[in-house]
Amino acid sequence: MTSPDTAALVLRIIVGLTLIAHGYNHIFGGGGIKGTAGWFQSMGLRPGIVHAWMSGLVELAAGAGLIVGFLTPFAAGAIIGTMVVAGITAHRTNGFFIFRPGQGYEYVLFIAVVCAAIGILGPGKASLDHAIDIELDGWVGAAITLILGVGGAALLLATAWRPERKPADTTKA
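First, a word on scope: everything that follows refers to the structure included in this document. Because the structure is a prediction, the values reported are computed rather than measured.

### Focus on the overall build of the chain
Along its length, the chain carries 7 helices and 0 strands. Across the chain, helices and strands are ordered from the amino to the carboxyl terminus as α-α-α-α-α-α-α. In the chain, which comprises 173 residues, the share counted as buried stands at 40%. Partitioning the contacts of the chain with sequence separation of at least 6, the portion at a separation of at least 24 is 65%. Entry remark: accessible area of the chain is about 9,600 Å², with carbon and sulfur atoms responsible for 71%. For the chain, the distance from the average site of its 10 positive side-chain charges to the average site of its 9 negative ones is 17 Å.

### Observations concerning the layout of surface pockets
Within this model, the largest pocket holds a volume of roughly 560 Å³. Lining the largest pocket are 31 residues, and of these Ser55, Glu59, Thr82, Val85 and Ala86 lie nearest its centre. Looking at the lining of the largest pocket, the elements with two or more residues in it are helix H1 (3-28), helix H2 (32-42), helix H3 (48-68), helix H4 (72-91), helix H5 (106-121) and helix H7 (138-160). Looking at the lining of the largest pocket residue by residue, the classes come out as 18 nonpolar, 12 polar and 1 charged. Its boundaries defined by the atoms lining it, the second largest pocket holds a volume of some 170 Å³. Around the second largest pocket sit 15 residues that line it, and Pro123, Gly124, Lys125, His130 and Asp137 are the ones nearest its centre. Of all the secondary structure elements, the ones that give two or more residues to the lining of the second largest pocket are H1 and helix H6 (128-131). With 3 residues, the top contributor of residues to the lining of the second largest pocket is H1. Class assignment for the residues of the lining of the second largest pocket results in 6 nonpolar, 3 polar and 6 charged.

### Some points on the nonpolar core
Val15, Leu19, Leu66, Ile79, Met83, Ile111 and Cys115 are the most contacted members of the largest nonpolar core, which totals 16 residues. It is H5 that provides the largest number of residues to this core, a total of 7 residues. If we ignore the near neighbours within four places in the chain, the residues touching Met83 are Leu19, Glu59, Tyr107, Val108, Ile111 and Ala112. Listed in part, the 12 residues of the second largest apolar core include Ile27, Phe40, Val85 and Ala153.

### Quick notes on the packing of H3 against H4
Look at H3 against H4: their axes get within 8 Å of each other, and the N-to-C directions meet at 145°. Regarding H3 and H4, the two cross each other, and that crossing is left-handed. Two secondary-structure elements touch here, H3 through Ser55, Val58, Glu59, Ala62, Gly63, Gly65 and Leu66 and H4 through Thr72, Ala75, Ala76, Ala78, Ile79, Thr82 and Met83. Of the residues contributing to the contact of H3 with H4, the split by class is 8 nonpolar, 5 polar and 1 charged.

Conventions we followed
- Residues numbered from 1 in each chain as written.
- Predicted model: local features only at pLDDT ≥ 70, side-chain atom pairs only at ≥ 80, totals over all residues.
- Heavy atoms only, no water.
- Helix = DSSP H or I, 4+ residues; strand = E, 2+ residues; numbered from the N terminus.
- Buried < 20%, exposed > 50% of the residue type's maximum accessible area, 1.4 Å probe, protein only.
- Contact = heavy atoms within 4.5 Å.
- Areas by Shrake-Rupley, 256 points an atom, 1.4 Å probe, with all protein chains shown as cover.
- Lys, Arg positive; Asp, Glu negative; His and termini not counted.
- Charge placed at Lys NZ, Arg CZ, Asp CG, Glu CD.
- 1 Å grid on protein atoms, 1.4 Å probe; cavity = no way out; pocket = protein on both sides within 12 Å on 5 of 7 lines; lining within 4 Å.
- Points joined across faces, edges and corners; volume = space filled by probe spheres on them.
- Nonpolar A, V, L, I, M, F, W, Y, C, P; charged D, E, K, R; others polar.
- Core = buried A, V, L, I, M, F, W, Y, C linked by side-chain atoms within 4.5 Å.
- Axes fitted to C-alpha atoms, helices over the stretch in contact; angles between N-to-C directions.
- Left-handed = near helix turned anticlockwise from the far one by under 90°.

Don't take any of this as a statement about function, it's just geometry.
As C-alpha cells, then:
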C-alpha cells in the first residue's frame, strides 16, 4: 500500500466510525428517535420523524460504507448531503465555532470537506471497491460525491424544509 492508500484508510475509518456513532445517537441516544424527530421538526424539517429516521439510517449506512470502502464516493456524498442539510438548518446562523451558543458550523463543514477529499482521493487499496475492481476516484469520484452531496441536500431542502417565519416587525414603519 502507498501512503495515499494508508491516508484514505485512516480517513475512511475515522469518519465512518464518527458517522456511525452520530447516526446511532440520532436513533437511540438521549430522547431517542422521537426526540430527534421533534428537534428536526422544530428546525423546519417536515415531517420530523421521516427526517430523523433517514438521517440516522443514512449516517449508519454511509459510515459503514466508508469503513469498508464500498461505493466510496456514494457513501461520502451521502455524508456531505447530511452535513450540508445540518449546516444550513441548524448551524449556519451560529457562527463558525462549534462551542458557540447554538453550535456553529465548524463540525459539519469539517466532515463535509473530509468526505469531499475522500471522494477525490478514492478508497485506496484496502477497500471493497479495490477488491471488486470499482474505480470511482479522481474527477469521477469528485463529481459523484459533490453532485450527490450538494444536489441531494438542495433537493431535500427545497422539498422538505419549511422553517417557521417570524412575523415582520410592523412597529418600525
